[in-house]
Amino acid sequence: MQPLLRLRGISKSYGTVAANAAIDLDVMPHSIHAILGENGAGKSTLMKLIYGVETPDEGGMEWQAKPVSPGSPAEARGLGIGMVFQHFSLFETLTVTENISLIVPGRKAALAQRIRSLGAQYGLEVNPNALVHSLSVGERQRVEILRCLMLEPKLLILDEPTSVLAPQSVELLFETLRKLRDGGVSILFISHKLEEIRALCDRATILRAGRVAGEVDPRAHSANALATLMIGRAMPAPLPAKAMPEGKVMLDIAGLSYPSDDPFGVSLSLPSLQVRAGEIVGIAGVSGNGQTELAALISGETSLTADKRDVVRILGRPVGRMGAAARRKLGFAFVPEDRLGRGAVPEMSLADNSLLTAHRRGLVRRGLINRRKEADFTRRCMADFDVRASGPKAEAGSLSGGNLQKFIMGREIMLDPDLIFVAQPTWGVDIGASAQIRQRLIAMRNAGKAVLVVSEELEELFEICDRLHVLHHGRLSPSLPLPQTTVEEVGEWMIGAKETAHAG
Ligand SMILES: Nc1ncnc2c1ncn2[C@@H]1O[C@H](COP(=O)(O)OP(=O)(O)OP(=O)(O)O)[C@@H](O)[C@H]1O
């Protein structure tokens with residue numbers, strides 16, 4: 001059988017970094033083909049070359065046995081190649097339908113109708129009239145996938161599509177992808193989740209440092225064997241959580257109802273949320289159920305009315321009316337889910353990004369930046385958290401997704417906060433580095449720090465947390481202690497089944 005897409009000797013360098021080196025790849029018709037590799041291995045670069053976002057320095061590409069060299073995404077789409085990016089490319093101030101209509105032809109009313117019906121069919125529900133800025137990361141991803149599907153591609157490239165989907169939605173998406181494959185669409189699938197790759201893909205190409213390190217049938221290998229192939233060494237073991245005495249309450253939210261002023265936002269109802277020193281508390285739930293609003297409330301992006309200033313307390317202080325910078329001064333650190341934008345400024349160097357939150361750690365004296373200290377801090381963060389980039393001067397936006405996430409996590413942990421709030425700590429991070437990040441969070445807990453983690457990955461929460469709450473439609477469940485609570489129970493809270501029983 002002729003491959004749908006054939007790459008031969010594809011190379012692409014950025015300065016001195018060989019992001020792709022002499023890559024050969026055949027994508028067959030009716031195939032779901034995984035691209036595996038550590039953060040920075042060159043997966044996204046390869047996909048950008050195929051989709052015409054970048055042009056290769058060397059090598060050739062054949063599409064349905066004809067030589068092609070797509071010079072732009074529009075040309076690639078013209079061939080029948082669609083791509084869903086890891087970082088979103090939606091306009092925040094436009095609605096879902098308006099964003100889709102920029103690429104997909106058709107009248108708005110008809111598009112909105114198709115968005116609804118495709119959404120229902122594939123478990124990618126989203127309100128066509130919602131403004132994109134009001135959507136959670138997970139919902140934005142649904143919009144991106146829908147937009148691609150509406151163009152009926154022959155090859156669909158998905159760059160970590162499941163990283164922000166709930167387990168149920170992942171299964172639905174896989175059903176969609178299998179249906180698409182059976183209907184003649186091939187899929188290139190990038191994911192760090194090896195079990196997903198084993199469940200979904202029939203081929204896997206493994207990249208290591210920009211080169212092809214092997215090609216396997218993922219169904220014939222265990223996840224552990226795939227991981228070893230990918231990272232070239234064995235996985236680090238989880239750090240045991242040591243028994244801790246009951247610590248002081250470091251975050252305390254008592255009886256807060258917070259109606260959203262955004263018509264598409266989620267109103268919060270938080271009967272009680274406490275995080276004590278020496279524990280990790282997790283917030284489980286599907287993205288779009290109030291996680292964004294909760295993060296804004298705790299980080300200080302949202303300010304409460306004067307009568308509610310006591311309702312949120314950080315390190316014993318009422319912070320309801322305190323801004324984000326003042327909260328950080330108390331000993332609070334925050335890793336937002338949106339790493340490009342809120343977490344880091346892409347156009348700035350890593351060193352200057354360190355300054356954004358670490359300026360109080362001796363990097364600024366009397367209003368002057370100490371460049372040496374800034375570079376030292378950044379270098380230390382890069383070394384300790386295995387951030388792969390050319391150095392402190394590298395632009396944040398040039399880092400691979402997982403490496404930027406490791407940098408932001410590292411920067412916040414290095415502030416040595418008493419209370420840290422982390423949204424999606426390992427989103428886009430490869431399995432070796434995720435294990436390291438989880439180890440760091442457990443180490444903070446063992447050192448008596450208070451840790452609050454929002455994650456859609458139940459497995460991750462079950463591995464690191466002492467207790468869990470579930471957020472569903474903005475309502476926070478009671479505290480569920482681990483390990484007594486089961487995944488099934490949490491699942492029921494996640495879909496609202498338990499909530500009704502609890503209220504009754
Ligand atoms: N625009 C750019 N400028 C400079 N370097 C870049 C640029 N894009 C990618 N790189 C570098 O090329 C290498 C490969 O990056 P790429 O994003 O392809 O990795 P990846 O395998 O997709 O990683 P991740 O799993 O973290 O998304 C990295 O070292 C990255 O820093």
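An unreviewed UniProt entry annotates the protein chain as ABC transporter ATP-binding protein originating from Paracoccus aurantius.

## Notes on the overall build of the protein chain
Counting secondary structure elements, the protein chain contains 17 helices and 23 strands. A compact globule built from 504 residues would reach a C-alpha radius of gyration of about 23 Å, and the protein chain, at 23 Å, matches this within 12%. The principal-axis extents of the C-alpha atoms in the protein chain amount to approximately 65 × 55 × 45 Å. Burial analysis of the protein chain (504 residues in total) assigns 48% to the buried set. Long-range pairs, those at least 24 residues apart, make up 68% of the contacts in the protein chain between residues at least 6 apart in sequence.

## Comments concerning the site of the ligand
Of all residues adjacent to the ligand, which total 21 residues, the nearest are Asn 39, Ser 44, Thr 45, Ser 400 and Gly 402. Looking at side-chain class alone, the shell around the ligand contains 6 nonpolar, 12 polar and 3 charged residues.

## Some details on the environment of Gly 138
With respect to the helices and strands, Gly 138 occurs in helix H5 (residues 137-149). Owing to 22 C-beta atoms within 10 Å, Gly 138 belongs among the buried residues under this scheme. For the pair Gly 138 and Leu 36, spaced 102 residues apart in sequence, the C-alpha to C-alpha distance is 22 Å.

## Digging into helix H13 (residues 401-414)
Taking 1.5 Å per residue as the helical rise, H13 with its 14 residues ought to reach 20 Å, and the 20 Å between its terminal C-alpha atoms agrees with that figure. Taking burial as the measure, the 14 residues of H13 include 13 buried ones, the bulk of the element. Backbone geometry just downstream of H13 places Asp 416 in the positive-phi region, at approximately 55°.

## Structural notes on the sheet that holds strand S2 (residues 17-27)
Strand order in the open sheet made by the 4 strands is S2-S1-S4-S5, with antiparallel pairing throughout. Looking at the sheet topology across the chains shown, the edges are occupied by S2 and strand S5 (66-68). Direction aside, neighbouring strands of the sheet carry axes that sit 30° apart on average. In the sheet, strand S4 (residues 58-63) pairs with S5 via 3 bridges, with the strands oriented antiparallel. Bridging across to S5, Glu 62 finds its partner in Pro 67. Docked against the sheet, helix H1 (residues 43-50) engages strand S1 (5-14) and S2, running at close to 60° with respect to S2.

## A few points about the nonpolar core
Core analysis: the largest hydrophobic core is formed by 75 residues, its most contacted members being Leu 251, Phe 407, Leu 419, Leu 441, Val 451 and Val 453. Aside from chain neighbours lying at most four places away, what touches Val 453 is Ile 280, Gly 282, Val 422, Pro 425, Leu 441, Leu 461, Ile 464 and Cys 465. Counting 62 residues, the second largest nonpolar core, distinct from the first, contains Trp 63, Leu 158, Leu 188 and Leu 200.

## Things to note about the packing of H13 against helix H14 (residues 431-446)
Across the interface, H13 lies against H14 with an axial gap of 11 Å and an inter-helix angle of 10°. The angle between the axes of H13 and H14 places the two elements in the roughly parallel class. The way H13 lies across H14 gives a crossing that is left-handed. Side by side, H13 and H14 meet where Gly 402, Lys 406, Met 409 and Ile 413 of the first sit next to Ala 433, Ile 437, Arg 440 and Met 444 of the second. Of the residues that constitute the contact of H13 with H14, the class distribution is 5 nonpolar, 1 polar and 2 charged.

Rules used throughout
- Residues numbered from 1 in each chain as written.
- Predicted model: local features only at pLDDT ≥ 70, side-chain atom pairs only at ≥ 80, totals over all residues.
- Helix = DSSP H or I, 4+ residues; strand = E, 2+ residues; numbered from the N terminus.
- Rg over C-alpha atoms; globule rule 2.2 N^0.38 Å.
- Buried ≥ 20, exposed ≤ 12 C-beta atoms within 10 Å, placed from the backbone.
- Contact = placed C-beta atoms within 7 Å.
- Near = placed C-beta within 6 Å.
- Nonpolar A, V, L, I, M, F, W, Y, C, P; charged D, E, K, R; others polar.
- Expected span 1.5 Å × (residues − 1).
- Pairing = 2+ DSSP bridges.
- Axes fitted to C-alpha atoms, helices over the stretch in contact; angles between N-to-C directions.
- Core = buried A, V, L, I, M, F, W, Y, C linked by C-beta atoms within 7 Å.
- Parallel < 35°, antiparallel > 145°, perpendicular 65-115°, else oblique.
- Left-handed = near helix turned anticlockwise from the far one by under 90°.

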